[in-house]
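# What the coordinates show
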Amino acid sequence: MAPRSSRTEVAGLIADLESRDSIRRAAAVARLRVIGERAVPRLAEFIESQAPANARALALGALQDLRAPRTLPIALRALEDPEPDVVIAALAVLREWVA
């Protein structure tokens, strides 16, 4: 049986990234950071989706400090996003690899 955080919880947290409630959004980012690498595939799908730019930027924020090799291509692709907030969030993820 898969851990709850590997499916149901991650999906709910990603949905919370689009919430109107700033506390709910911040809590979702914090929890996704705790879940860590198990959330990366779902976060990658969301970042590359047509979701609002601010929510995709928050998803990238959940990858920040993770330093998992599979976050690199996600952040590099996000650099090509037309939305400045997404690009800035991608740069923050990449900064962890050069600092």
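Residues numbered from 1 in each chain as written. Predicted model: local features only at pLDDT ≥ 70, side-chain atom pairs only at ≥ 80, totals over all residues. Heavy atoms only, no water.

### With respect to unusual backbone geometry
Phi at D65 takes a positive value of approximately 75°, unusual for a residue other than glycine. Phi angles above zero are rare outside glycine, and R67 is one such case at about 55°. By the secondary structure assignment, R67 is in the loop between α4 (53-63) and α5 (71-78). (Helix = DSSP H or I, 4+ residues; strand = E, 2+ residues; numbered from the N terminus.)

### Considerations on the packing of aromatic side chains
Scanning the model with the defined rule gives 0 aromatic pairs in all. The ring of W97 is capped by R67, whose NZ or CZ atom sits 5.1 Å from the centre of that ring. (Phe/Tyr/Trp six-rings, centres within 6.5 Å; stacked < 30°, edge-to-face > 60°. Lys NZ or Arg CZ within 6 Å of the ring centre and 35° of its normal.)

### A few points about the environment of S19
Tracing the backbone through its elements, the reader meets S19 in the loop between α1 (8-16) and α2 (22-35). As for S19 and A55, which are separated by 36 residues in sequence, their C-alpha atoms are 8.6 Å apart. Beyond its immediate sequence surroundings of up to four residues, S19 is in contact with R24 and R25. (Contact = heavy atoms within 4.5 Å.)

### Observations concerning a nonpolar patch on the surface
A surface patch of nonpolar side chains, amounting to about 250 Å² of accessible area, comprises L76, L79 and L91. You can see L76 is positioned in helix α5. (Patch = residues over 30% accessible without salt bridge, like charges linked within 9 Å, V, L, I, M, F, W, Y side chains within 5 Å. Areas by Shrake-Rupley, 256 points an atom, 1.4 Å probe, with all protein chains shown as cover. Salt bridge = Lys/Arg side-chain N within 4 Å of Asp/Glu carboxyl O.)

### A short note on the packing of α5 against helix α6 (residues 84-98)
Two elements in contact, α5 and α6, have axes separated by 8 Å at closest approach and are oriented at 145°. The element α5 and its partner α6 pack so that their crossing is left-handed. Across the interface between the two elements, T71, L72, A75, L76 and A78 from α5 touch V86, V87, A90, V93, L94 and W97 from α6. Of the residues in the contact of α5 with α6, the class split is 10 nonpolar, 1 polar and no charged. (Axes fitted to C-alpha atoms, helices over the stretch in contact; angles between N-to-C directions. Left-handed = near helix turned anticlockwise from the far one by under 90°. Nonpolar A, V, L, I, M, F, W, Y, C, P; charged D, E, K, R; others polar.)

### Structural notes on the side chain of T71
Positionally, T71 belongs in helix α5. Side-chain polar atoms of T71 contact the backbone oxygen of A68, separated by 2.6 Å. Leave out the neighbours within four places in its chain, and T71 touches V40, L63, L66, V93 and W97. (Polar contact = N/O pair within 3.5 Å; in protein donor to acceptor, adjacent residues only side chain to side chain.)

### Side note on the environment of A53
If you trace the backbone, A53 turns up in helix α4. For the pair A53 and L13, spaced 40 residues apart in sequence, the C-alpha separation works out to 16 Å. Here A53 is in contact with E83 and V86, once residues within four sequence places are set aside.

### Comments concerning the nonpolar core
Judged by nonpolar contacts, the single largest core of 30 residues is most densely connected at L17, L32, L43, L60 and L63. Contributing elements (two or more residues each) for this core: α1, α2, α3 (40-47), α4, α5 and α6. Sorting elements by how many residues they give to this core places α4 first, with 7 residues. Apart from residues no more than four positions distant in its own chain, L43 is found in contact with I14, L17, L32, A59, A62 and L63. (Core = buried A, V, L, I, M, F, W, Y, C linked by side-chain atoms within 4.5 Å. Buried < 20%, exposed > 50% of the residue type's maximum accessible area, 1.4 Å probe, protein only.)

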